[in-house]
Amino acid sequence: MTSRINSPDTQADIDLRELLSREQKSGFVMVAGAGSGKTTSLIKALDHLKQVKAKEYLSQNKKIACITYTEVAVNEILDDIGNSELFHISTIHSFLWRIIQPFKKDMIQWIIDNLNNKITEAESRIAKKRTQERTRVKLRRDIARYEEIIPQISRLESLSYGMGSDYVNGVLGHSDILKMVPEIILNNILLRKIIAKRFPVIFIDESQDTNKNIVIALKKIYETVDVDFYLGFFGDPMQKIYMEGVGTIVPEEGWLTINKPENFRCPQEVLKTIKNIRAESDDLVQIGGRVLEVDGSPHLLDGSVNIFIYNKDSNHHSKLEYVRNYLSETCEDPLWNSNNKDIRMLVLIHRMAALRLKFDSIYSALNDNGNHSLKNGLLDGTSWVLKDFLKSILPLVEAHLRNDDYEVISILRSISPLLSAESILDSDLSQTLNNLSDDIYHISNNLRPDSQVTFRDLLAYIYDRKTINIDERFIPYLNGDYVESEQTSAINAFLNCPAKEILAYKSYIDDISPFVTQQGVKGAQFERVLLVINDDESNHNSFSYGKLFGFTSLSEKDQANLDSGNDSVTDRTRRLLYVCCSRAKKDLAIVLFVPDVEIAKAAIISKGYFEESCIHTF
């Protein structure tokens with residue numbers, strides 16, 4: 001039993017436990033504000049079900065599914081509840097793959113339908129008068145390739161799941177799983193009933209960032225079955241960061257909405273700030289605040305909030321140093337001058353950090369040239385062009401450098417087509433392993449600090465040698481027969497970057513450097529938070545603090561989104577500001593670099609998020 005399980009109940013915990021004690025189909029949505037202990041409520045609910053349902057479910061080979069956003073979150077939950085056979089705790093990709101695996105025929109038909117749709121789309125583009133002849137030639141090649149591989153796919157004996165798609169070899173990628181499985185669930189009543197019978201409880205963590213189609217599919221399962229079935233969503237629409245997320249989960253008829261307003265993390269000054277920010281979005285009013293024990297008695301921590309406004313043309317580094325010195329003196333806290341994790345700088349996108357850590361080519365390629373998807377993915381490493389390196393190539397290289405042969409083989413078995421069951425039967429295994437060893441040595445050398453090898457060079461080598469499966473979207477760029485799209489410029493720029501930069505970039509998003517991206521900080525908490533805001537530096541249209549505060553004009557598109565009730569730049573930025581400010585356990589400082597200091601100050605005061613006395617201008 002962990003401290004979370006043994007922690008005092010909130011009213012939300014009591015209400016949820018009551019619902020889970022019903023012997024009938026039930027659904028719920030828990031809205032848990034920042035610092036409320038959402039994960040604690042989730043773990044308490046799992047523990048309650050373990051106490052009352054374990055014997056029944058285990059005897060019938062049933063499991064309680066808990067789907068969360070990252071492997072880190074998976075391990076955090078497992079640490080609390082234990083690795084029991086009763087639970088299936090996994091990321092959404094792993095869960096979807098587990099439930100769809102027996103339905104090979106449906107998956108093969110989906111792949112064929114997907115390729116036929118691509119053929120139809122290509123034919124439609126060819127027929128358009130504005131399509132250039134060069135593009136038509138490439139589209140005809142694509143059609144020929146799709147038509148060639150469709151018969152091969154229909155004869156596949158098995159399918160597997162990897163980082164990127166390789167349909168000919170029966171490999172489905174991340175994006176395939178997210179799109180395919182909800183579609184099959186919606187069209188297959190038998191699958192829906194099997195899922196509900198196998199998993200009579202399904203909890204979704206971080207529900208606000210869950211793909212809309214997955215939410216629809218899960219609700220369809222709930223709607224279909226008459227047996228005892230519990231479907232629950234744990235999240236907070238105010239902490240939705242990713243564009244693909246559904247945001248607010250609308251409860252179905254008869255569902256229970258459970259609000260969890262407590263905040264156990266933030267000091268009083270920070271709590272006031274996040275309440276002001278949140279008030280513009282919903283009616284959840286957070287209460288409480290961080291409590292410290294002083295002389296044996298509990299006391300609410302006051303903390304501090306300070307806003308510093310500078311002209312955007314000033315020297316950013318020197319101003320940030322001044323702010324840290326100022327806070328060190330006024331807060332009587334020398335750790336504000338620390339260069340390690342005692343202080344966390346939250347940045348939207350930080351070109352200076354990229355330059356300092358030496359991944360500036362990657363940053364420029366994806367941030368300056370990329371579309372919305374590539375720019376967003378740069379912030380947290382989820383961009384598809386980065387995934388093969390972060391999830392496959394680097395773990396392989398790291399295991400090789402540690403001389404961990406067991407881990408090397410374990411990774412290769414999951415990502416190398418040369419070690420698939422079919423390939424092993426038709427090859428000399430000893431020679432294959434020797435070739436793979438040579439490949440890994442070659443890849444490792446090409447990531448050395450003195451290497452000038454590009455991502456294009458490295459991927460071409462891997463693709464030619466079939467070392468690992470790479471995302472199929474790279475292949476046209478390696479062959480030179482890609483079709484122009486909104487991503488073309490960014491992908492080519494990325495492929496021309498030095499491959500060695502991926503190591504520095506990984507240290508950045510893995511939280512080894514002093515900088516943290518604002519999107520990547522959700523779920524974390526720090527004693528001292530320094531939020532750095534400079535809209536001009538970001539070159540990122542999804543967020544604008546100037547538009548949120550009102551010292552930058554809205555575009556026609558921004559206004560149209562607001563008028564129609566669509567998710568807007570101000571909505572996204574407000575949520576991001578809430579997430580960033582609510583990380584602070586003690587002191588919060590915000591530094592803004594703006595075109596006009598006085599105009600910005602007046603707009604920020606008018607917004608009402610912060611006390612006027614805490615706003616400093618220079």
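Residues numbered from 1 in each chain as written. Predicted model: local features only at pLDDT ≥ 70, side-chain atom pairs only at ≥ 80, totals over all residues. Heavy atoms only, no water.

Novice: Even after reading the chapter, I still don't get the side chain of Thr-224, so can you show me in this structure?
Specialist: Tracing the chain through its elements places Thr-224 in helix H10 (residues 212-224). Taking the relative accessible area as the measure of exposure, Thr-224 reaches 19% and is therefore buried. A distance of 2.7 Å separates polar atoms of two side chains, one belonging to Thr-224 and the other to Arg-192. Within the structure, Thr-224 has its side chain in polar contact with the backbone oxygen of Lys-220 (distance 2.7 Å). The residues contacting Thr-224, other than those within four sequence positions of it, are Ile-189, Arg-192 and Lys-193. (Helix = DSSP H or I, 4+ residues; strand = E, 2+ residues; numbered from the N terminus. Buried < 20%, exposed > 50% of the residue type's maximum accessible area, 1.4 Å probe, protein only. Polar contact = N/O pair within 3.5 Å; in protein donor to acceptor, adjacent residues only side chain to side chain. Contact = heavy atoms within 4.5 Å.)

Novice: Please explain the UniProt feature "binding site: ATP" (unreviewed entry) in the protein chain as it appears in this structure.
Specialist: When the UniProt feature table is mapped to this numbering, "binding site: ATP" (unreviewed entry) covers Ala-32, Gly-33, Ala-34, Gly-35, Ser-36, Gly-37, Lys-38 and Thr-39. Considering the arrangement of structural elements, one finds Gly-33 in the loop between strand S1 (26-32) and helix H3 (38-59). For Gly-33, a relative accessible area of 3% corresponds to the buried category. If sequence neighbours within four positions are ignored, Gly-33 has contacts with Asp-236, Gln-239, Lys-260, Arg-278, Leu-284, Gln-286 and Tyr-578. Its location among the elements puts Thr-39 in helix H3. Judged by relative accessible area, Thr-39 falls into the buried class, the value being 17%. The contacts of Thr-39, once residues within four sequence positions are left out, are Arg-4 and Glu-76. (UniProt positions renumbered as here; feature names shortened; annotations may be inferred.)

Novice: Mind showing me how you'd approach the environment of Asp-471 here?
Specialist: Structurally, the position occupied by Asp-471 is in the loop between helix H20 (455-465) and helix H21 (475-479). Distance from Asp-471 to Lys-387, taken between C-alpha atoms, is 8.6 Å for residues 84 residues apart in sequence. At 2.8 Å, the side chain of Asp-471 forms a polar contact with the side chain of Arg-473.

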